[in-house]
Amino acid sequence: MHNNNTIELLNIWLSLTKLQSNINDELEHALQENYSLSLNEFLVLYFLSQTEEKKLRLQHLQEMVGLSQSALSRLVVRMEAKSCGALQRHICEDDRRGIYTSMTDFGEKKFDRALETFNQILESALSKDELKQKLQSLIEKI
């Protein structure tokens, strides 16, 4: 028989997961509708924007975004395609196996616009009284 504490913790975790999932869905929908970006594509642009040269090795990016190598590779190829053009591929001269991608000027502009929408949705979602009450109730249970 499971003790009540174990069940309570599981329920808290499920509630937090559901709250995050709902916000992710809202973000995904707005990014897709306004910028033809998935949440993962947005995150790729975000992580690139945080580097000095706006460039990262694909292997490093894969770890940051949390995708498999093949999934990230497909995503980057899509974002490098002429129709999107937000990224550009580089082969490292010192290490031929090191494949990098960098954000183009177009990608940077697209990210800046998408970031405004992203922040508006987050502010709206996180400022809802209903969400605050749910979080407060979960915190009290921990």
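A. Structural detail: a nonpolar patch on the surface. Residues L10, W13 and L14 make up a contiguous nonpolar surface patch of about 320 Å² in total accessible area. Note on placement: L10 falls in helix α1 (residues 4-35). Judged by relative accessible area, which is 41%, L10 ranks as partly exposed.

B. Broad picture of the pattern of salt bridges. One pass over the structure, following the stated rule, counts 2 salt bridges. For R78, the salt bridge identified is with E41, shortest N-O distance 3.3 Å. On the criterion of sequence distance, the pair formed by R78 in helix α4 (residues 69-80) and E41 in helix α2 (residues 39-49) is long-range, its members being 37 residues apart. Given the relative accessible area of 7%, E41 is considered buried. A salt bridge links R89 to E80; its shortest N-O distance comes to 3.1 Å.

C. The side chain of E80, seen in detail. As for its position among the elements, E80 is in helix α4. For E80, a relative accessible area of 19% corresponds to the buried category. Engagement of the side chain of E80 in a polar contact is seen with the side chain of R89, the distance being 3.1 Å. Sequence-distant contacts of E80, defined by excluding residues within four places in its chain, comprise G85, L87, Q88, R89 and T101.

D. Structural view of the layout of surface pockets. Space inside the largest pocket adds up to approximately 200 Å³. In terms of lining, the largest pocket is formed by 10 residues, of which the most central are L58, Q59, Q62, Q69 and I99. Looking at the lining of the largest pocket, the elements that each hand over two or more residues are α3 (58-65) and α4. When the residues that make up the lining of the largest pocket are grouped by side-chain class, the tally is 3 nonpolar, 5 polar and 2 charged.

E. Just the side chain of K110, in detail. Position of K110 relative to the elements: it lies in helix α5 (residues 105-127). With no salt bridge to any partner, buried K110 finds its closest opposite charge in E41, at an N-O distance of 7.0 Å. Ignoring any residue separated from it by four or fewer positions in sequence, one finds K110 in contact with Y35, L37 and C84.

F. Broad picture of the environment of H60. If you trace the backbone, H60 turns up in helix α3. Relative accessible area serves as the criterion here: at 40%, H60 is assigned to the partly exposed category. H60 sits 40 residues away from Y100 along the chain, and the two C-alpha atoms are 9.2 Å apart.

So, how was this worked out
Residues numbered from 1 in each chain as written. Predicted model: local features only at pLDDT ≥ 70, side-chain atom pairs only at ≥ 80, totals over all residues. Heavy atoms only, no water. Patch = residues over 30% accessible without salt bridge, like charges linked within 9 Å, V, L, I, M, F, W, Y side chains within 5 Å. Areas by Shrake-Rupley, 256 points an atom, 1.4 Å probe, with all protein chains shown as cover. Salt bridge = Lys/Arg side-chain N within 4 Å of Asp/Glu carboxyl O. Helix = DSSP H or I, 4+ residues; strand = E, 2+ residues; numbered from the N terminus. Buried < 20%, exposed > 50% of the residue type's maximum accessible area, 1.4 Å probe, protein only. Polar contact = N/O pair within 3.5 Å; in protein donor to acceptor, adjacent residues only side chain to side chain. Contact = heavy atoms within 4.5 Å. 1 Å grid on protein atoms, 1.4 Å probe; cavity = no way out; pocket = protein on both sides within 12 Å on 5 of 7 lines; lining within 4 Å. Points joined across faces, edges and corners; volume = space filled by probe spheres on them. Nonpolar A, V, L, I, M, F, W, Y, C, P; charged D, E, K, R; others polar. Lys, Arg positive; Asp, Glu negative; His and termini not counted.

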